[in-house]
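So you can see what is in the structure, the chains are spelled out below.
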Amino acid sequence: MVIEVLLVLTLPVAGAAVLAVLGARRRAATVNTAFSFATLLAAAALVVRVIRHGPVITGHEQFFVDSFNVFLVALTAFVGFTTALFSRPYMRIEQHHGRVSRRRLRLYHSMYQLFMGAMLMALLTNNIGLLWVAMEAATLSTVLLVSLYRTRASLEAAWKYFILCGVGIAQALFGTILLYFAAGKQLGNQGTTALLWTHLDAVKNHLEPRVLGLAFVFLLVGYGTKVGLAPLHNWLPDAHAEGPTPVSAVLSGLLLNVALYAVIRFKVLVAGAIGAALPSHILMAFGLFSALLAAFFLWRQRDIKRLFAYSSIEHMGIITFAFGIGGAVANFAALLHMTVHSLTKSSIFFSAGHASQKAGTQQMDDIRGLMTVSPTIGWGLLLGSLAILGLPPFGVFASEFLILTTAMRLHPWATPVLLLTLGIAFAAIFRRAQPMVFGETNAKRLPHSPALLPVFIHLGLVLLLGLYIPPALAHWFRAAARLIG
């Protein structure tokens, strides 16, 4: 097996094993960060290999790396590392406040690494059966993370997450079985090799169209539940609101991407068998409906983490819509939006988590005057909110502009819906963020904290991608967009 792929897959699993033993000790957070950093270095080495030598197939063809998934591997490893860095002081404060015990910290650290390993496995595997197993492992590990506080609300959120995503993943399993059945006539009795994506991609034009169309519906419903597409989104706001803030950051910034990645891989196969019209129209419909519904729900929120959880649903809807449009420009825009959304949303949850800790509540009506109380948190939340709302010169503006102009050219009927969605979301988030940042408060000014360094690293990258996309990254996105179709 290629050493870089082996390291990316095994380092998080080794970290989970080590932290299952040492996770309650004082330096466990440092060990967690060290394993995350080592995974990031391995992912960077894998990126270099793919850039130099092209796609990689390894491990008896069970693992496959191309321009599409390698950039998601790099993004996942990077956000995983910065979130681990953020969680060191954050979880220490949570322990000081008595919200978590040393025993639960052991669970948190070990499950965090296991969750990262499951997502990286889902991204790197060439076997659609193993993809399903990895997504189920990611679900089970995050159920334990969401319920970490063991409050009534967190346990309810974890059960809702487990049940809804369990039902969804069962639908995905049925779709996988249908896909395997459709491949049987072309690939014969090849056993598990008939589940390899590269083999299926080679014969996609000859797969049974009707079976494949039905399989895509089940796969979209199954993995779409994990993406948070409406009306399958009900688990997402509760899980984000009740779990620890670092978990909210990786759920919103990473897990949703991985689930959507699975959907797009299957879209490539289905489009080759029955044409792009059916999967494209389904994705556009689900995407627009999710974005519009989430935008309206933003107006009703009182909890800061629930507010940005619904914002994640809105943006995943926009990305899904862009992938539904297809073509070089729309796919490029979707990949760019996926990147900047992950960076921006995780930075917002970092800021929101510290703001909630300072105020002692997640209710936005009780969080006021962050610029006065803690300017670092105030600037982080302000800039993050402006970035996610699509204001120039942040990268979200660039990706949304590309999506809008492509929709105006190819699907003009969708443009008013997109504009309405973006307008409602802008007004809903801005009316909440402004008093939290600039509102009057009698609270005393708090000392400066360097704990929010990951916030400004993420926002700096988002600003850079809005002003200038490095040629290597642009070439990367274009290659992935061509691969998607």
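Here, every reference points to the structure presented above.
Computed from a predicted model, the values in this text were never measured in an experiment.

Definitions and cut-offs
Residues numbered from 1 in each chain as written. Predicted model: local features only at pLDDT ≥ 70, side-chain atom pairs only at ≥ 80, totals over all residues. Heavy atoms only, no water. Helix = DSSP H or I, 4+ residues; strand = E, 2+ residues; numbered from the N terminus. Rg over C-alpha atoms; globule rule 2.2 N^0.38 Å. Buried < 20%, exposed > 50% of the residue type's maximum accessible area, 1.4 Å probe, protein only. Contact = heavy atoms within 4.5 Å. Areas by Shrake-Rupley, 256 points an atom, 1.4 Å probe, with all protein chains shown as cover. Salt bridge = Lys/Arg side-chain N within 4 Å of Asp/Glu carboxyl O. Phe/Tyr/Trp six-rings, centres within 6.5 Å; stacked < 30°, edge-to-face > 60°. Lys NZ or Arg CZ within 6 Å of the ring centre and 35° of its normal. Expected span 1.5 Å × (residues − 1). Bend = angle between axes of the 7 residues up to and from the residue. 1 Å grid on protein atoms, 1.4 Å probe; cavity = no way out; pocket = protein on both sides within 12 Å on 5 of 7 lines; lining within 4 Å. Points joined across faces, edges and corners; volume = space filled by probe spheres on them. Nonpolar A, V, L, I, M, F, W, Y, C, P; charged D, E, K, R; others polar. Patch = residues over 30% accessible without salt bridge, like charges linked within 9 Å, V, L, I, M, F, W, Y side chains within 5 Å.

### Some points on the overall build of the protein
Step number 1: When helices and strands are tallied, the protein shows 19 helices and two strands.
Step number 2: Against the compact-globule benchmark of 23 Å for 485 residues, the protein has a radius of gyration of 21 Å, which places it among compact chains.
Step number 3: Looking at the protein as a whole, 61% of its 485 residues qualify as buried.
Step number 4: Counting contacts in the protein only where the partners sit at least 6 residues apart, residues at least 24 apart contribute 81% of the total.
Step number 5: Looking at the protein as shown, the accessible area adds up to about 18,100 Å², and 66% of this sits on carbon and sulfur atoms.

### Comments concerning the pattern of salt bridges
Step number 1: Applying the stated rule across the entire model yields eight salt bridges.
Step number 2: Between glutamate 208 and arginine 210 there is a salt bridge whose closest N-O contact spans 3.5 Å.
Step number 3: What makes arginine 210 exposed here is its relative accessible area of 72%.
Step number 4: A salt bridge links aspartate 238 to arginine 306; the shortest N-O distance between them is 2.4 Å. Taken together, the residues aspartate 238 in helix H9 (residues 235-242) and arginine 306 in helix H12 (residues 304-325) connect sequence positions 68 residues apart.
Step number 5: Bridged by salt links that share partners, the residues Lys160, Asp238 and Arg306 form one connected network.

### Structural notes on the packing of aromatic side chains
Step number 1: Under the definition given, this model contains 16 aromatic pairs.
Step number 2: A centroid spacing of 5.1 Å and a plane angle of 50 degrees characterise the contact between phenylalanine 68 and tyrosine 261, whose relative ring orientation is tilted. You can see phenylalanine 68 sitting in helix H3 (residues 67-96) and its partner tyrosine 261 sitting in helix H10 (residues 245-274), a full 193 residues away along the chain.
Step number 3: When its relative accessible area of 1% is taken as the criterion, phenylalanine 68 is described as buried.
Step number 4: Joined through ring pairs, the aromatic side chains of Phe71, Phe332, Trp476 and Phe477 make up one cluster.
Step number 5: Over the aromatic face of tyrosine 149 sits the side chain of arginine 99, whose NZ or CZ is 3.9 Å from the ring centroid.
Step number 6: Across from the ring centre of tryptophan 197, 4.5 Å away, lies the NZ or CZ of arginine 265, which sits over that ring.

### Quick notes on helix H1 (residues 3-22)
A turn of α-helix holds 3.6 residues, and therefore any two residues three or four places apart point the same way.
Step number 1: For H1, built from 20 residues, the straight-helix expectation of 28 Å at 1.5 Å per residue is met to within 8% by its first-to-last C-alpha distance of 27 Å.
Step number 2: Along H1, the helix axis deviates most sharply at threonine 10, where the bend reaches about 30 degrees; the proline proline 12 sits within four residues downstream.
Step number 3: The secondary structure elements touched by the buried residues of H1 are helix H2 (28-53), strand E1 (56-58), strand E2 (63-65), H3 and helix H4 (102-124).

### Quick notes on unusual backbone geometry
Step number 1: The omega torsion across alanine 230 and proline 231 is 5 degrees, close enough to zero to call that bond cis.
Step number 2: Checked against the element boundaries, proline 231 lands in the loop between helix H8 (209-227) and H9.
Step number 3: Proline 393 follows proline 392 through a cis peptide bond whose omega is 10 degrees.
Step number 4: Position of proline 393 among the secondary structure elements: in the loop between helix H15 (375-388) and helix H16 (395-410).
Step number 5: For glutamate 61, which is not glycine, the phi dihedral falls at a positive 70 degrees.
Step number 6: Structurally, glutamate 61 is set in the loop between E1 and E2.
Step number 7: Classification of glutamate 61 as partly exposed rests on a relative accessible area of 33%.

### Describing the layout of surface pockets
Step number 1: Volume-wise, the largest pocket comes out at about 440 Å³.
Step number 2: For the lining of the largest pocket, the secondary-structure elements that each account for two or more residues are H2, H3, helix H13 (328-359), helix H18 (453-467) and helix H19 (471-484).
Step number 3: Along the lines of polarity and charge, the residues of the lining of the largest pocket split into 17 nonpolar, one polar and no charged.
Step number 4: Volume-wise, the second largest pocket comes out at about 300 Å³.
Step number 5: Taken together, 16 residues form the lining of the second largest pocket, with Arg25, Arg26, Arg27, Arg92 and Gln95 sitting closest to its centre.
Step number 6: Of the residues in the lining of the second largest pocket, the class split is five nonpolar, five polar and six charged.

### Thoughts on the environment of leucine 288
Step number 1: With respect to the helices and strands, the residue leucine 288 is situated in helix H11 (residues 277-298).
Step number 2: On the basis of relative accessibility, which here comes to 8%, the residue leucine 288 falls in the buried class.
Step number 3: For leucine 288 and methionine 316, which are 28 residues apart along the polypeptide, the C-alpha to C-alpha distance reads 9.8 Å.
Step number 4: With sequence-adjacent residues up to four places away left out, leucine 288 is seen in contact with Gly317, Phe321, Trp413, Ala414, Val417 and Leu418.

### Looking at a nonpolar patch on the surface
Step number 1: Together, Leu453, Ile457, Leu461, Leu463, Leu464, Leu467 and Tyr468 make up an exposed nonpolar region whose accessible area comes to about 610 Å².
Step number 2: Within the secondary structure, leucine 463 sits in helix H18.

### Structural notes on the side chain of glutamate 4
Step number 1: By the secondary structure assignment, glutamate 4 is in helix H1.
Step number 2: Leave out the neighbours within four places in its chain, and glutamate 4 touches Ala42, Ala45, Leu46 and Arg49.

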